[in-house]
Each structure stands twice: as structure tokens, then as C-alpha cells.
Amino acid sequence: MTPSRPSRPRVQLWMLRLMIAILLTGLPGALLPEIAFQKFAWLMGYGKQPITPLIVYLSGNAGFAYVTIAVLIWAISRDLTRYQPLVRLFGWTMAIAGPAYLSIDLQCPLPLWWTLMDSLSCLLIGITLLWACPPAKRASSADC
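Here is what the cut-offs are and how they apply
Every chain's residues receive numbers from 1 upward, in the order its sequence appears when written. For this predicted model, a pLDDT threshold of at least 70 governs which residues receive local features, and a threshold of 80 or more governs which side-chain atom pairs are given and counted, while totals over whole chains, interfaces and linings are taken from all residues. Just so you know, side-chain values use all the structure's heavy atoms and leave hydrogens and water out. Secondary structure is summarised from DSSP: a helix means a run of H or I of at least four residues, a strand means a run of E of at least two, and numbering begins at the N terminus for each. The globule rule used here is 2.2 Å times the number of residues to the 0.38 power, and the radius of gyration it is set against is calculated over C-alpha atoms. Three exposure classes are used, based on accessible area relative to the maximum for each residue type with a 1.4 Å probe and protein chains only: buried under 20%, partly exposed in between, and exposed over 50%. In what follows, residue pairs with any heavy atoms lying within 4.5 Å of each other are defined as contacts. Each accessible area is a Shrake-Rupley result for a 1.4 Å probe, and residues are judged covered by the shown protein chains and nothing else. The pocket and cavity definitions rest on a 1 Å grid over protein atoms only: a 1.4 Å probe that fits but cannot leave marks a cavity, an open set with protein on both sides within 12 Å along at least five of seven lines marks a pocket, and residues lining either have an atom within 4 Å of a point. Grid points are joined across faces, edges and corners, and a volume is the space filled by probe spheres set on the points. Note on residue classes: Ala, Val, Leu, Ile, Met, Phe, Trp, Tyr, Cys and Pro are nonpolar, Asp, Glu, Lys and Arg are charged, and everything else, Gly too, is polar. Exposure above 30% relative accessible area and the absence of a salt bridge qualify a residue for a patch, where like charges join within 9 Å and nonpolar side chains (Val, Leu, Ile, Met, Phe, Trp, Tyr) within 5 Å. By definition, a salt bridge exists where a carboxyl oxygen of Asp or Glu is found within 4 Å of a side-chain nitrogen of Lys or Arg. Centre distance within 6.5 Å is the pairing criterion for rings of Phe, Tyr and Trp, where only the six-membered ring of Trp is used; planes under 30 degrees apart are then read as stacked, over 60 as edge-to-face, and the remainder as tilted. By the criterion adopted, a ring carries a charge over it if an Arg CZ or a Lys NZ lies within 6 Å of its centre and within 35 degrees of its normal.

(A) Geometry of the overall build of the protein chain. Within the protein chain, the regular secondary structure consists of 6 helices and 0 strands. From first element to last, N terminus to C terminus, the protein chain shows the α and β order α-α-α-α-α-α. Against the 2.2 N^0.38 benchmark of 15 Å for 144 residues, the protein chain shows a C-alpha radius of gyration of 18 Å, more extended than a compact globule. Its C-alpha atoms give the protein chain principal-axis dimensions of roughly 65 × 30 × 30 Å. By the burial criterion, 31% of the 144 residues in the protein chain qualify as buried. In the protein chain, the proportion of contacts linking residues at least 24 apart, taken out of those at least 6 apart, comes to 74%. Surface accessibility of the protein chain: about 9,900 Å² in total, with carbon and sulfur atoms responsible for 72%.

So, in C-alpha cells, the structure goes:
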């Protein structure tokens, strides 16, 4: 008989809240995509960038997607026990997003500080969410 690994719901809750806070930074892009894009370009050190319809479209859609995901994570965080499979899925998704964002950011290339922040934060949030998950229940023949 092996001792069960403890669940750490408070850690999961704080990681999900951190994800919500980060994702809500997409709200300006959803509401004012052109202005948000210019401010983001300035923050990254690229100065004033040309605005095209595609840039406005992608900025607005990305911002809206971030906010939508934040709302979904908020709903999941309200009942961690019920939505534990989704929390585990978010953990795996974020753990995979870390190396994916590293690859994407290096191809741009974005500033090193952004690349590290982007990829490492996703990887660490994902690993922490997975570490805080209770052990997965094993399916038995009676569950089928």
C-alpha cells in the first residue's frame, strides 16, 4: 500500500489566479487593439510600428482570446474538486506551452527578458499546477 500524495488546492488556486491576472492583460488588446499594439511595441523596444488591418485583427482577437480563457479559468477555480481534470489539463498545457513559446519567441526574435519571462513562467506554472494535483484516480473495470 503506497501513501497517497496530498492535494494542494491552495497552491492550485493561487496558480490559477496568477494565470487569470496575466491573461487579463489582454483586455486592452481586445478593446483597443491598435493602441494596445503600439504600446506593446514600445514596451518591447521596437518603437512606432506600421499598423495594418491584419495587425489590428490579430491584436484584437488575441486579446479577446486571453480574456475568454481568463473567464474560463476563473469558473474552474471556483470549484477545484469538480474541475480537477481541467486543472490537470491546464497544467499539462502550460508545461508544454513553455518550450513552445521559447521556440516561437526565439524565431521572432524578441528581447531575451521577454523570451525568458514568457517561456519560463508558462513552464513553472504548469509544473506547479501538476505538482499540486491529487493523484489521478485509476479506472477500474467497474467504472466502465
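Now that the structure has been shown, we can carry on.
(B) Spotlight on the layout of surface pockets. When its volume is computed, the largest pocket comes out at roughly 1,400 Å³. Every residue lining the largest pocket is counted, 40 residues in all, and those nearest its centre are Phe40, Ala62, Tyr66, Trp114 and Asp118. Secondary structure elements with two or more residues in the lining of the largest pocket: α1 (9–23), α2 (27–31), α3 (33–43), α4 (53–77), α5 (84–107) and α6 (112–132). Here the residues of the lining of the largest pocket are counted per class, giving 29 nonpolar, 8 polar and 3 charged. If you add up the space inside the second largest pocket, you get close to 200 Å³. The wall of the second largest pocket is formed by Ser7, Pro9, Gln12, Leu80, Thr81, Gln84, Arg88, Pro134, Pro135 and Lys137. Breaking the lining of the second largest pocket down by element, the ones donating at least two residues are α1 and α5. Of the residues contributing to the lining of the second largest pocket, the split by class is 4 nonpolar, 4 polar and 2 charged.

(C) Local environment of a nonpolar patch on the surface. A contiguous nonpolar patch, built from Phe40, Trp42, Leu43, Trp113 and Met117 and spanning about 580 Å² of accessible area, is present on the exposed surface. Per element, the largest residue contribution to the nonpolar patch is 3 residues, and it comes from α3. Mapped onto the elements, Trp113 comes out in helix α6.

(D) Structural view of the packing of aromatic side chains. Taken as a whole, this structure holds 2 aromatic pairs when the rule is applied. Considering the side-chain rings of Phe40 and Trp114, the 5.3 Å spacing of their centres and the 80° angle between planes classify their relative orientation as edge-to-face. With Phe40 in helix α3 and Trp114 in helix α6, this pair connects stretches of sequence that are 74 residues apart. For Phe40, a relative accessible area of 37% corresponds to the partly exposed category. Accessibility expressed as a relative area gives 17% for Trp114, which makes it buried. An angle of 85° between the planes, with centres 5.7 Å apart, marks the rings of Trp113 and Trp114 as edge-to-face. These aromatic residues form a ring-pair network of at least three members: Phe40, Trp113 and Trp114. Over the face of the ring belonging to Trp131 we find Arg8, whose NZ or CZ atom lies 3.9 Å from the ring centre. Over the aromatic face of Trp14 sits the side chain of Arg17, whose NZ or CZ is 5.0 Å from the ring centroid.

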